[in-house]
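Each chain, written out:
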Amino acid sequence: MHEIDEADRRILRVMQADGSLSVTEIAERIGLSQSPCSRRIARLTENGIILGKTIILDRKKLGFNAIILVRIKLSSHGRKSFEQFQQAVLRIPEVQVVQLMLGDYDFNVRVVVRDMDHFHALLQDQLVLLPGVQELQSSVLLDELKYTTQLPL
């Protein structure tokens, strides 16, 4: 873990809350002058603590009305099998999250689709054809009570 102090934490909290702020605005909000704030942000970025900035879109306003959680078990657990599966699943645009797991299933995949017809087509045309898939189990997410990308700094 990289050493960060309270000023770094304040910068990170402000940036998490609003990634569109300029360095000047961040510096003003945390009570630091612009140059030291800019150097700190550069150091946090160089150390891989800040991975980038992103825009969060309202999926429903863009017509993506359903989220499906798909658990996937592979038929083989060799390195090549995992690599082939990972390369293929990462190319599917509807896939938002891919998580390697311990337990009954190997992967947890979060898929965003317009509706159940869209999911049905995705399932038939892509998901079941992924390399090494032995078993799939899907659950429809009814509601997200909390969704955040923020860490509790």
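Residues numbered from 1 in each chain as written. Predicted model: local features only at pLDDT ≥ 70, side-chain atom pairs only at ≥ 80, totals over all residues. Heavy atoms only, no water.

**What about the domain arrangement of the protein chain?**
Splitting the protein chain by domain gives domain 1 (6–47) and domain 2 (59–141). Using only C-alpha atoms to locate each centre, domain 1 and domain 2 end up separated by 36 Å. (Domains from an automatic or database assignment.)

**Topic: the pairing of strand β2 (residues 95–100)**
Pairing between β2 and strand β3 (residues 107–113): five bridges, direction antiparallel. Bridge pairing in β3 places Q99 opposite N108. Linking β2 back to β3 in an antiparallel pair, the connection comprises six residues, with G103 at a positive phi of about 125°. (Pairing = 2+ DSSP bridges. Helix = DSSP H or I, 4+ residues; strand = E, 2+ residues; numbered from the N terminus.)

**Here's the deal with the sheet that holds β2**
Here we have four strands laid out as an open sheet, ordered β2-β3-β1-β4, and antiparallel in their pairing. Whereas interior strands pair on both sides, the edge strands pair on one side only; in this sheet they are β2 and β4 (133–141). Across this sheet, the average inter-strand angle for adjacent strands is 20°, counted without regard to direction. Direction of pairing for strand β1 (residues 66–74) relative to β3: antiparallel, over a ladder of seven bridges. Across the sheet, R71 pairs through a bridge with N108, a residue of β3. Against the sheet, helix α5 (residues 116–125) engages β1, β3 and β4, with an angle of about 135° to β3. (Axes fitted to C-alpha atoms, helices over the stretch in contact; angles between N-to-C directions. Contact = heavy atoms within 4.5 Å.)

**Details of the layout of surface pockets**
Of the voids in this model, the largest pocket is the one considered here, and its volume is about 740 Å³. Along the wall of the largest pocket there are 23 residues; nearest its centre are L12, M15, Q16, G52 and T149. Classifying every residue of the lining of the largest pocket gives 12 nonpolar, eight polar and three charged. The computed volume of the second largest pocket comes to approximately 470 Å³. If you trace the second largest pocket, you find 17 residues lining it, with I56, L57, R59, Q96 and Y147 closest to the centre. Of all the elements in the fold, those that place two or more residues in the lining of the second largest pocket are β2 and β3. Looking at side-chain class alone, the lining of the second largest pocket contains nine nonpolar, three polar and five charged residues. (1 Å grid on protein atoms, 1.4 Å probe; cavity = no way out; pocket = protein on both sides within 12 Å on 5 of 7 lines; lining within 4 Å. Points joined across faces, edges and corners; volume = space filled by probe spheres on them. Nonpolar A, V, L, I, M, F, W, Y, C, P; charged D, E, K, R; others polar.)

**Considerations on the side chain of N108**
When you line up the elements, N108 lands in strand β3. Once residues lying within four places of it in the same chain are set aside, the contact partners of N108 are V70, R71, V97, V98, Q99 and M101.

**Describing the UniProt feature "domain: HTH asnC-type" (unreviewed entry) in the protein chain**
The UniProt record annotates "domain: HTH asnC-type" (unreviewed entry) at residues 4–65. Taken as a whole, residues 4–65 contains 53% helix and 0% strand, while its terminal C-alpha atoms sit 40 Å from one another. (UniProt positions renumbered as here; feature names shortened; annotations may be inferred.)

**So, the nonpolar core**
Counting residues in each nonpolar core, the largest one holds 19 residues, and the members touching the most others are V70, I72, V109, V111 and L130. Only β1, α4 (79–89), β3 and α5 provide two or more residues apiece to this core. Take this core: its biggest share by element is five residues, from β1. Core analysis: the next-biggest nonpolar cluster, separate from the first, contains 13 residues, L12, L21, I30 and I50 among them. (Core = buried A, V, L, I, M, F, W, Y, C linked by side-chain atoms within 4.5 Å. Buried < 20%, exposed > 50% of the residue type's maximum accessible area, 1.4 Å probe, protein only.)

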